[in-house]
Amino acid sequence: MSTDTDYKETQSTEDEFTILKALLDAPDDFVSGSLLAEQLGVSRPAIHGKLEKLREKGFEIEAVRNRGYRLVKEPEVLHPALIRYYLEADATDMSVRYFPVIDSTNSEAERQITYGTKSPFAIASSCQTKGRGRLGREWYSASADNLYLSVLFEPNIPPQQLQHFTLWAGIYICRALQSFTPKAKLQIKWPNDLHCDGRKFAGMLTEAKMDFDTLRSIIFGIGINLNSNPSSFPEELRSIATSLYAINGEELPINKIAARVLQAINEAYEACIQNQTTEALPEAWAPLNSLHGKPVTALQGDQEITGIASGIDASGALLLTQPDGSTIPVRAGDVTLKK
Ligand code: BTN
């Protein structure tokens, strides 16, 4: 009988990582086959076989007699050794487990902790069968061109210290992604959506486990519509969602971006936990705020509040200006633009 936990992890061998590292460290050069053979302690034909396996996985590797091998193109799908390479290049100490298909990366992170996986760790996937969104919604997760990531931390501290973590993670991730899409302005729609020109391209979901007054674990999940074409999205999403590919006009390096996003999540976490956010939250939020000056309706529980959105306050609440000039802070819930 199959269960929810029957998902297959794709792991990279140390040999595969060593070969890829040698090739990636020398982007404009050829790496000699005998050097690789020596590094791995195997024969030249064995190296040839390992390179063939990499080619089967989508790596384009040029081979020139008497010169060696050169990496011409990375695969367009996630590959655990590439994520690891880029994370190490950024000096981010985080292990990543890659599942081509999973129910939900947040659910897998929760399972991994019961198997004893050492935190912090990340779960990456190319397709979720039960992707979860905020407020009990579903997260469209079918395309392998998109990115589904979760990171699990075990802070064991009072929850107040991390109360703004998701907002900070949004800021750090938005800034990180902006460097890949110089032509378009990326913004955050309070509280947890990434937008461009009024359309959503990423959503974040944080799930926490508390034990009395201690925050035991925190799972931060993010889904990013990356290299998918919005015309392939379900009908109901086409007018409200977009992808970084559509925004940028060309495909983006999925493995490099996965590593950069994981680094941003880690930096946001470290900054919160060490109380070392060098900027104030409202000021960091302001230049990224997609709602600034817009008329919005906020649903807080069953109460509807309307107003002109300004910024957020130090507690992370969205401030809605009323006709009499007063402001109402919205602390939780969902916000829609007033038509
Ligand atoms: C939202 O905008 O409603 C939040 C969406 C969060 C989706 C991500 S995809 C990776 C992680 N796994 C999930 O099941 N959900 C989050």
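As the structure is a prediction and not an experimental result, all values here were calculated from the model. (Residues numbered from 1 in each chain as written. Predicted model: local features only at pLDDT ≥ 70, side-chain atom pairs only at ≥ 80, totals over all residues. Heavy atoms only, no water.)

As a structural note, the neighbourhood of the ligand is formed by 20 residues, with Ser-104, Gln-128, Arg-132, Arg-134 and Lys-200 the closest of them. One of the side-chain nitrogen or oxygen atoms of Gln-128 is found 2.9 Å away from a nitrogen atom of the ligand. A distance of 2.7 Å is found between an oxygen atom of the ligand and a backbone nitrogen or oxygen belonging to Arg-132. In this structure, the ligand is accommodated by the largest pocket. Of all elements in the fold, only α5 (105–114), β5 (147–153), β8 (199–211) and β9 (214–224) reach the threshold of two or more residues within the shell around the ligand. Sorting elements by how many residues they give to the shell around the ligand places β8 first, with four residues. Grouping the constituent residues of the shell around the ligand by class yields six nonpolar, 10 polar and four charged. (Near = heavy atom within 4 Å. Polar contact = N/O pair within 3.5 Å; in protein donor to acceptor, adjacent residues only side chain to side chain. 1 Å grid on protein atoms, 1.4 Å probe; cavity = no way out; pocket = protein on both sides within 12 Å on 5 of 7 lines; lining within 4 Å. Sits in = over half its atoms within 2 Å of the grid points. Helix = DSSP H or I, 4+ residues; strand = E, 2+ residues; numbered from the N terminus. Nonpolar A, V, L, I, M, F, W, Y, C, P; charged D, E, K, R; others polar.)

Turning to the side chain of Ser-119, a few remarks are in order. Mapped onto the elements of the fold, Ser-119 is located in the loop between α5 and β4 (121–125). A polar contact is formed between the side chain of Ser-119 and the side chain of Glu-154, at a distance of 2.7 Å. Excluding its chain neighbours within four sequence positions, the residues that come into contact with Ser-119 are Leu-152 and Glu-154. (Contact = heavy atoms within 4.5 Å.)

This paragraph deals with the nonpolar core. Of all hydrophobic cores here, the largest spans 92 residues; its most connected members are Phe-165, Leu-177, Phe-201, Ile-222, Ile-224, Leu-262 and Ile-265. At 13 residues, the largest contribution of residues to this core is made by helix α9 (residues 254–273). The contact partners of Ile-222, leaving out residues within four places of it in the chain, are Leu-147, Tyr-148, Leu-149, Ile-173, Ala-202, Gly-203, Met-204, Val-261 and Ile-265. Ranked by size, the runner-up nonpolar core spans seven residues in total, among them Phe-99, Ile-102, Ala-109 and Leu-152. (Core = buried A, V, L, I, M, F, W, Y, C linked by side-chain atoms within 4.5 Å. Buried < 20%, exposed > 50% of the residue type's maximum accessible area, 1.4 Å probe, protein only.)

Here we take up the domain arrangement of the protein chain. By a widespread convention, an interface's size corresponds to the accessible area lost as its parts come together. Here the domain parsing of the protein chain yields domain 1 (14–73), domain 2 (80–285) and domain 3 (291–337). Roughly 650 Å² of surface becomes buried between domain 1 and domain 2 when both sides are summed, with 70% attributable to carbon and sulfur atoms. At the boundary of domain 1 with domain 2, the tally comes to one salt bridge. Residues Glu-14 and Arg-84 are paired through a salt bridge, measuring 2.9 Å at the closest nitrogen-oxygen approach. Our count for the contact surface shared by domain 1 and domain 2 stands at two residue pairs in polar contact (both at pLDDT 80 or more). For the side of domain 1 that touches domain 2, the per-class residue count stands at four nonpolar, no polar and three charged. (Domains from an automatic or database assignment. Buried area = accessible area lost by both parts, 1.4 Å probe. Salt bridge = Lys/Arg side-chain N within 4 Å of Asp/Glu carboxyl O.)

For the rest of this paragraph, the subject is unusual backbone geometry. With an omega of -5°, the peptide bond between Ser-119 and Pro-120 qualifies as cis. By secondary structure assignment, the location of Pro-120 is in the loop between α5 and β4. Cis geometry marks the peptide bond from Trp-190 to Pro-191; its omega dihedral reads 0°. Within the fold, Pro-191 resides in the loop between β6 (187–189) and β7 (193–196). Positive phi outside glycine occurs at Asp-197, with the angle close to 50°. Tracing the chain through its elements places Asp-197 in the loop between β7 and β8. Owing to a relative accessible area of 73%, Asp-197 belongs among the exposed residues under this scheme. Look at Phe-212: it is not a glycine, yet its phi comes out positive at around 50°. Tracing the backbone through its elements, the reader meets Phe-212 in the loop between β8 and β9.

Applying the stated criterion across every chain, the model contains zero disulfides. Here Cys-174 is not disulfide-linked; the sulfur of Cys-196 is the nearest cysteine sulfur, at 9.3 Å. (Disulfide = S-S within 2.5 Å.)

Below, the discussion takes up the layout of surface pockets. Estimated volume of the largest pocket: approximately 1100 Å³. Arg-137, Trp-139, Asp-193, Lys-200 and Ile-240 are the residues nearest the centre of the largest pocket, which is lined by 46 residues in total. Of the residues in the lining of the largest pocket, the class split is 17 nonpolar, 17 polar and 12 charged. Two domains each put at least three residues into the lining of the largest pocket: domain 2 (80–285) and domain 3 (291–337). Within this model, the second largest pocket holds a volume of roughly 530 Å³. (Points joined across faces, edges and corners; volume = space filled by probe spheres on them.)

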